[in-house]
Amino acid sequence: MVRLENAPGWPGIEGRWTSSAKNGVGTAHAGLSPVWFTISHGILNEVYYPRLDVAMIRDMELIVTCDDGFFSEEKRNTEHRVESISGSFPAYQLTNTCLSGRFVIQKKIITDPHRAVVLQHIKFSVAKEPRSNYHVYVLLAPHISNRGGGNTAWRGDYKGRPALMASRDESALSLLASVSLNDISAGFVGFSDGWLDLRANAKLTTCYDRAENGNVALVAEIDIDSSGGEFVLALGFGKTPEEAAHQASVSLFEDFESLLKDYLKFWSDWTKDTWCPKKKNDLHAVSKSVLKSHSGYSISGGIIASLSVPWGSSKGDDDLGGYHLIWPRDMAEAAGGFLAINANYEVRTALKYLEATQEDDGHWPQNMWTDGRKYWDGVQMDESALPILLVDLAFRKNAISLSDLRRFWPMMKKAAGFILRNGPVSQEDRWEEDPGYTPFTLAAEIAALVVAAEHSRRFKDVRLARYLLETAGTWNSNIEKWIYVSNTDFAKRLEVDGYYVRVAPADVADAGSPKDGFVPIKNRPPSEANVDAAHVISPDALALVRMGLRSARDPRLVDTVKAIDYTLRVETPRGPCWHRYNDDGYGEHEDGSPFDGTGIGRAWPLLTGERAHYELAAGRISGARKLLAAMGSFAGDGGMPPEQIWDSADIPDKELFFGKPSGSAMPLVWAHAEYLKLVRSLEEGTVFDMPPQTFKRYVEENHPAAFGSWRFNHKIKSIAAGLKLRIEVLAPAMVRWSPDKWKKVIDSSTTDSGVGLFTVDLDISRLKKGTKIFFTFFWTEPGKWEEKDFCVEVV
């Protein structure tokens, strides 16, 4: 074997992430162990430190060779089985069996509950030849601080113990073993990494001491003979290589079984205080641990969307975030899952996190790092609404006290103010796409305003409460005008009166009931059934029921469900699943290649859960239970429902099988939260998170609207006869208006609503149909006229 100082091939090939199809995620979840790990294909994948959103490695695996030239890579050349060591806790037993039948690798994987270390207790056994003929190597791919590039790796030493070390900026890792690590080499991926040498020669022929500032990999031979094939690998982390090595070294001096006992004790103690269904449900238990494993403690309260990078093998350093970011929508849904298992502490810390990360104007970033820095630049209205609903749900479920509610009321009020100023049109829908009127966003906004009104009255702000309810009523009364279509060719084909659509542009929807073709299908639809649909259909319409705005038995919803099923339902051997909408491009291509900005959207198990909640609301409990079972059956080998399942013919070489996880995120925390809420809903016989305030107001009592609202971001062109016209602007003004083409002129001044809107109500309730109201503005502070007239017609 030749040893050289510096590895050739700088900077290596472009870094890539790894499979997003995780079979396990875990953490000790103790303050001294800020480490999270993931498992896929029988090996350790991304490990995160010191926060949930900072990945430190791509993956870490074993390579086995033999003196006869045999080569086997653990993640590609073995059959994998993953099990929980105890119950459904996130401590894992992995068994990887050589496809040639020559060896078995057994691993136990946990984090040290007292240190920043991931531990793997490994037993290597062979079937026939003497073990001494075999060589076992560990291959480690650092991706420090979310980057495959810019890493430096070297052959290290800590207090006389050989170590694999890597660093980038002020973060470092170190891999130590309970046995000797021999022939350590650091190289550039694709040029001088140890994998290439082992694949070609079944042994290391050249070792390099250092690989500087690139996409690097580390390899070392493990001395299996000195320990009978049983050893422990400790991957430590710190601000410096020495700190990381120290952490790993201390862990190795500890007894692994004692650390495992401490690790399991935390999970046992936490789980015993949570709600459990009367009938044992393994996926329910797994979902609990998934939620807890995705919540932070280095920055308390944050809950990320997933410890994965969807289609990671095709993603590099230009996609730093992956799904290990905070989406306030996903986080609010996840906190609702915690509520469903009575994990009240986690709910309170989540609310405190949202309180701290709210922007000054009341909204939250579309997504963000755990420290609150925004990642994308978008703004989504539902992400301002859902935290309001979460506070209310937590209060109704006794997870927070009245004093807690009083603390969070300013956050709720700011969020409600943002909705008032910027709604009802969504800048983007809940899937981060197409602005306009969308059913999920409208439902969330209206429900949030009604809920905020109740608490505004509680805290003696009666004027604001009235304004919130009036606005909610106005928007609620226009839902059908904005997003319901009738008498279309598609409706006639389905033999229904009409249906709710996924998104309607504001300028078109306000003009009246949209006709066929106003939202074109741009890409190849996911199934031939969708070709006939002239509108974009989505299960999002079910949110009108989930948020308490419409009855599940409303004929318009019943008809919409028919349209949804005709267009989006996929029957699999495991049960039905639904697409997000026709024309969805977020998924693998037809040939199974990864999503690359284009693709074909696949079916989402999350939507099976949402449909089950709709069935429950409609009183069809048995149907909801069947959908619960279907949702659970879509889980991968580790019991984790993915973001999407593959819904086409099998493509084995791409690991895509009909009805099983696709290459999207797995686990998806939101899906696990939906599952937890669904189990609780079914046991209690009612939808767990439906706001009773909206159901009473709009379904039971059918409160009518008193106003039509005009604003610069929502210029209505018509108003129903009998309503008042409310003008809402962002600065003080005098409104000059006329009901008769300026023959008669009336001046009306705005008043301050207290939430950044200035309003004036024009009493036009007695005006006849066909009357046109013209108006303009004199802006008080600059002392200028708008110099443009606007018009609203009574219809």
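Residues numbered from 1 in each chain as written. Predicted model: local features only at pLDDT ≥ 70, side-chain atom pairs only at ≥ 80, totals over all residues. Heavy atoms only, no water.

**A short note on the overall build of the chain**
Turning to step 1, where the next piece is worked out: Broken down by element type, the chain carries 20 helices and 32 strands.
Turning to step 2, where the next piece is worked out: Taking 795 residues into account, the globule formula puts the C-alpha radius of gyration at 28 Å, and the chain, at 29 Å, falls close to it.
Turning to step 3, where the next piece is worked out: Overall, the C-alpha framework of the chain stretches about 100 × 55 × 50 Å when taken along its three principal axes.
Turning to step 4, where the next piece is worked out: For the chain, the proportion of its 795 residues judged to be buried stands at 62%.
Turning to step 5, where the next piece is worked out: Contacts in the chain between residues at least 24 apart in sequence constitute 69% of all its contacts with a sequence separation of at least 6.
Turning to step 6, where the next piece is worked out: Of the accessible surface of the chain, which amounts to about 28,900 Å², a share of 49% is contributed by carbon and sulfur atoms. (Helix = DSSP H or I, 4+ residues; strand = E, 2+ residues; numbered from the N terminus. Rg over C-alpha atoms; globule rule 2.2 N^0.38 Å. Buried < 20%, exposed > 50% of the residue type's maximum accessible area, 1.4 Å probe, protein only. Contact = heavy atoms within 4.5 Å. Areas by Shrake-Rupley, 256 points an atom, 1.4 Å probe, with all protein chains shown as cover.)

**Structural notes on the nonpolar core**
Turning to step 1, where the next piece is worked out: Of all hydrophobic cores here, the largest spans 225 residues; its most connected members are Ile222, Leu233 and Phe237.
Turning to step 2, where the next piece is worked out: In contact with Ile222, other than residues within four places in its own chain, are Leu62, Val136, Tyr137, Val138, Val179, Ser180, Leu181, Phe231 and Leu233.
Turning to step 3, where the next piece is worked out: Trp710, Ile727, Val729 and Phe777 belong to the second largest nonpolar core, which has 21 residues in total. (Core = buried A, V, L, I, M, F, W, Y, C linked by side-chain atoms within 4.5 Å.)

**Thoughts on the packing of helix α6 (residues 328-340) against helix α7 (residues 344-357)**
Turning to step 1, where the next piece is worked out: Two elements in contact, α6 and α7, have axes whose closest approach is 8 Å; the angle formed by their N-to-C orientations is 160 degrees. With respect to their mutual orientation, α6 and α7 come out roughly antiparallel. Between α6 and α7 the crossing geometry is left-handed. Side by side, α6 and α7 meet where Met331, Ala335, Phe338 and Leu339 of the first sit next to Asn344, Glu346, Val347, Ala350, Tyr353 and Leu354 of the second. (Axes fitted to C-alpha atoms, helices over the stretch in contact; angles between N-to-C directions. Parallel < 35°, antiparallel > 145°, perpendicular 65-115°, else oblique. Left-handed = near helix turned anticlockwise from the far one by under 90°.)

**Details of the packing of aromatic side chains**
Turning to step 1, where the next piece is worked out: Under the criterion given, the structure shown has 33 aromatic pairs.
Turning to step 2, where the next piece is worked out: Pairing Phe37 with Tyr92 gives two aromatic rings, centres 6.1 Å apart and planes at 90 degrees, and the pair type is edge-to-face. Linking Phe37 in strand β3 (residues 36-40) with Tyr92 in strand β8 (residues 92-98), this pair joins segments that are 55 residues apart in sequence. Here Phe37 and Tyr92 have matching classes, each one buried.
Turning to step 3, where the next piece is worked out: Geometrically, the ring pair formed by Phe712 and Phe790 is edge-to-face, given 5.5 Å between the ring centres and 85 degrees between the ring planes. Of this pair, Phe712 sits in the loop between β23 (707-711) and β24 (718-719) while Phe790 sits in strand β32 (residues 790-794), and the two are 78 residues apart along the sequence.
Turning to step 4, where the next piece is worked out: Ring pairs connect the aromatic residues Trp710, Phe712, Phe775, Phe777, Trp779 and Phe790, which therefore count as one cluster.
Turning to step 5, where the next piece is worked out: Across the ring face of Phe70, the terminal group of Arg102 is positioned such that the distance to the ring centre comes to 4.1 Å.
Turning to step 6, where the next piece is worked out: Cation over ring: Lys660 sits above Phe657, and NZ or CZ is 5.8 Å from the ring centre. (Phe/Tyr/Trp six-rings, centres within 6.5 Å; stacked < 30°, edge-to-face > 60°. Lys NZ or Arg CZ within 6 Å of the ring centre and 35° of its normal.)

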